[in-house]
Amino acid sequence: MNKKDIANIRKQFKVNNDLLKIHDIYYVYIMKESSEIYHHQSFPFDLLEEEQKELFMDNFKKVLSGQMDEKLFELKFLRDVEDSSQLILHQGLLANETEEWKNQMLRLVEKMLHDKQYEMDIVITFIRGEYMKPMKKSTESEESDRDTVYANPFILCSMNRTLDPKKELLFDYVEKEFKYNIVVDPIINLKAPLSGFLFPCFTENAADVNHILYAAGKKFELDYHFIEEVLNAEEIMTAADDKVVFEEIVKKVTGDQISTSTLSNVYDEIHRVVEENEEEEVPRLDYKDVEKVLRSSGVQDVDTEKVETAFKTVIDDEKYEFKATNIVPKFTSKSIKIKTKVADIAVSPPELRHVKQVKFDGKLYMMIELEENPLIEGFEMIPEALFNKANDEQE
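For the protein, an unreviewed UniProt entry supplies the name DUF4317 domain-containing protein and the organism Ornithinibacillus hominis.

Right, dumping it as structure tokens:
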């Protein structure tokens, strides 16, 4: 799935939307002390009050929020796995009766509880439904854009922690007295899901039951036990992992040192590849593509064997492919951090070429090319002559 596919689904999660039909909602309450099911129940979603629907819709949208390979991850199911979650979810998706669907979801919950001790009470919520996406009508057709739609059945799961009730002092208008508010019921935190998933994945309206969309609670904070033991999915690389591996490979090729202008050229080349494929699937770079990028960026002594060897050394897979969007810093923001003992500087990839390291009089300096005089605490800086031009007559 790409960000466009996810956005198309996410925007449907609103109450009274005729393009989204949620059939059932199923709650499972897990106790932290025993990691056992304390209670579970299901309802037709339409029987919930409007306020409850709003709360859940917001929660489901949060599950599907975030950037790909940072918070959202398309995972591929492992093959030949005993008690496969792919099969469980597929059977649940095809279930005609609510009880049959619930039984499949309980099988998943049992896998979540196996060899896992939760530190707080957990509520696992499942919904099943379908969202409809109108087909693009031809210019000659007089049909409404709602006359022909793609119907996409799905299962969505959200895991939420519970919070202790707040101790509050209330004022009773009738009795005209202050009262201590005693509440013992835990609060389900629907504002910050711990994790979740969407099954199946969708790519341009086509369902892909071989992949599942996993949602982490926070960026780069993945639950690998959940991914591998519960979902039975393959190992994944986050965007942060991709970036670190790419940087290590470049270091192996360049010898740990690179000029800011050359590094800026590298980012420019990768960004150009991303822009050229903006309407298509995120482009991937293998060792041959990385070689081309480094060559065209001005890196010296680059050859195929050197880059391929760097891939083998760093990631032990010369066939590995990077997602281009993962290895280039955000291009329009000051995403590159330069840290020194004196000051920390943030620049965007295009601005990096204006930052130089120079050596003068035996000391290291950072030189920044400026288009205007900078301000410090409201004062305009005065240029200082550090580099004196040699006298033409003095030789």
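So much for the structure itself; the text now carries on.
Caption draft 1: Broad picture of the overall build of the protein. Helix and strand counts for the protein come out as 10 helices and 20 strands. Over its C-alpha trace the protein gives a radius of gyration of 28 Å, far above what one expects of a compact globule, namely 21 Å for 395 residues. Its C-alpha atoms give the protein principal-axis dimensions of about 95 × 60 × 55 Å. Counting only residues that meet the buried cut, the protein has 38% of its 395 residues in that class. Excluding contacts between residues fewer than 6 apart, the proportion of contacts in the protein whose partners are at least 24 apart in sequence is 63%. Accessible area for the protein stands at about 25,000 Å²; split by element, carbon and sulfur atoms hold 48% of it.

Caption draft 2: A look at the pattern of salt bridges. Counted by the stated rule, this structure contains 15 salt bridges. With a closest N to O distance of 3.6 Å, Glu 50 and Lys 53 form a salt bridge. One end of the pair, Glu 50, and the other, Lys 53, are both in helix H2 (residues 50–63), 3 residues apart, so they sit about a helical turn from each other. Using a relative accessible area of 9% as the deciding quantity, one classes Lys 53 as buried. For Lys 243, the salt bridge identified is with Glu 247, shortest N-O distance 2.5 Å. A residue pair is termed a helical-turn pair when its members lie 3 or 4 positions apart in one helix, as Lys 243 and Glu 247 do in helix H6 (residues 239–254) at 4 residues. On the basis of relative accessible area, Lys 243 is assigned to the partly exposed category, the value being 26%. Glu 247 gets classed as partly exposed once you look at its relative accessible area, which sits at 30%. Each of Glu 70, Lys 219 and Lys 330 takes part in one network of salt bridges that share partners.

Caption draft 3: Main features of a negative patch on the surface. Residues Asp 115, Glu 228, Glu 229, Glu 234 and Glu 235 make up a contiguous surface patch of negative charge. Within the element layout of this structure, Glu 234 appears in the loop between helix H5 (224–230) and H6.

Caption draft 4: Main features of the pairing of strand E2 (residues 37–44). As paired strands, strand E1 (residues 20–30) and E2 are joined by 7 bridges and run antiparallel to one another. By the bridge assignment, Ile 30 is partnered in E2 with Ile 37.

Caption draft 5: Examining empty space enclosed by the protein more closely. Under the counting rule described, the total for this entry stands at 1 cavity of 30 Å³ or more. The volume enclosed by the largest cavity comes to roughly 50 Å³. Along the walls of the largest cavity sit Asp 5, Asn 8, Ile 9, Tyr 131, Lys 133, Phe 202, Thr 203, Glu 204 and Asn 205, which together make up its complete lining. Looking at the lining of the largest cavity, the elements with two or more residues in it are helix H1 (3–10), strand E4 (122–134) and strand E10 (201–203). Looking at which element gives the most residues to the lining of the largest cavity, the answer is H1, with 3 residues.

Caption draft 6: Examining the confidence of the model for the protein more closely. Overall, the predicted model of the protein reaches an average pLDDT of 87, with 91% of residues at or above 70. Across residues 390–395, where pLDDT falls below 50, the model places 0 contacts with residues more than four positions away in sequence or in other chains.

Caption draft 7: Region of interest: a nonpolar patch on the surface. Nonpolar side chains collect at one region of the surface, where Leu 169, Phe 171, Tyr 173, Phe 178 and Tyr 180 lie side by side and expose about 680 Å² of accessible area between them. Where the nonpolar patch is concerned, the elements lending two or more residues are strand E6 (168–172) and strand E7 (177–181). Within the secondary structure, Leu 169 sits in strand E6.

Caption draft 8: View of unusual backbone geometry. That bond from Phe 199 to Pro 200 is cis: its omega, -5°, falls within 30 degrees of zero. Within the element layout of this structure, Pro 200 appears in the loop between strand E9 (195–199) and E10. Positive phi, close to 55°, is recorded for Asn 232, a residue that is not glycine. Following the sequence through the fold, Asn 232 ends up in the loop between H5 and H6.

Caption draft 9: Geometry of the packing of H6 against helix H9 (residues 304–315). Close contact between H6 and H9 brings their axes to 9 Å; oriented N to C, the two are set at 130°. Relative to H9, the element H6 lies oblique. For H6 against H9, the interelement crossing comes out right-handed. When H6 is examined against H9, the residues Val 245, Glu 248, Ile 249, Lys 252 and Val 253 are found in contact with a partner set consisting of Lys 306, Val 307, Ala 310, Phe 311, Thr 313, Val 314 and Ile 315. Partitioning the contact of H6 with H9 into residue classes produces 8 nonpolar, 1 polar and 3 charged.

The rules behind the values
Residues numbered from 1 in each chain as written. Predicted model: local features only at pLDDT ≥ 70, side-chain atom pairs only at ≥ 80, totals over all residues. Heavy atoms only, no water. Helix = DSSP H or I, 4+ residues; strand = E, 2+ residues; numbered from the N terminus. Rg over C-alpha atoms; globule rule 2.2 N^0.38 Å. Buried < 20%, exposed > 50% of the residue type's maximum accessible area, 1.4 Å probe, protein only. Contact = heavy atoms within 4.5 Å. Areas by Shrake-Rupley, 256 points an atom, 1.4 Å probe, with all protein chains shown as cover. Salt bridge = Lys/Arg side-chain N within 4 Å of Asp/Glu carboxyl O. Patch = residues over 30% accessible without salt bridge, like charges linked within 9 Å, V, L, I, M, F, W, Y side chains within 5 Å. Lys, Arg positive; Asp, Glu negative; His and termini not counted. Charge placed at Lys NZ, Arg CZ, Asp CG, Glu CD. Pairing = 2+ DSSP bridges. 1 Å grid on protein atoms, 1.4 Å probe; cavity = no way out; pocket = protein on both sides within 12 Å on 5 of 7 lines; lining within 4 Å. Points joined across faces, edges and corners; volume = space filled by probe spheres on them. pLDDT = per-residue confidence, 0-100. Axes fitted to C-alpha atoms, helices over the stretch in contact; angles between N-to-C directions. Parallel < 35°, antiparallel > 145°, perpendicular 65-115°, else oblique. Left-handed = near helix turned anticlockwise from the far one by under 90°. Nonpolar A, V, L, I, M, F, W, Y, C, P; charged D, E, K, R; others polar.

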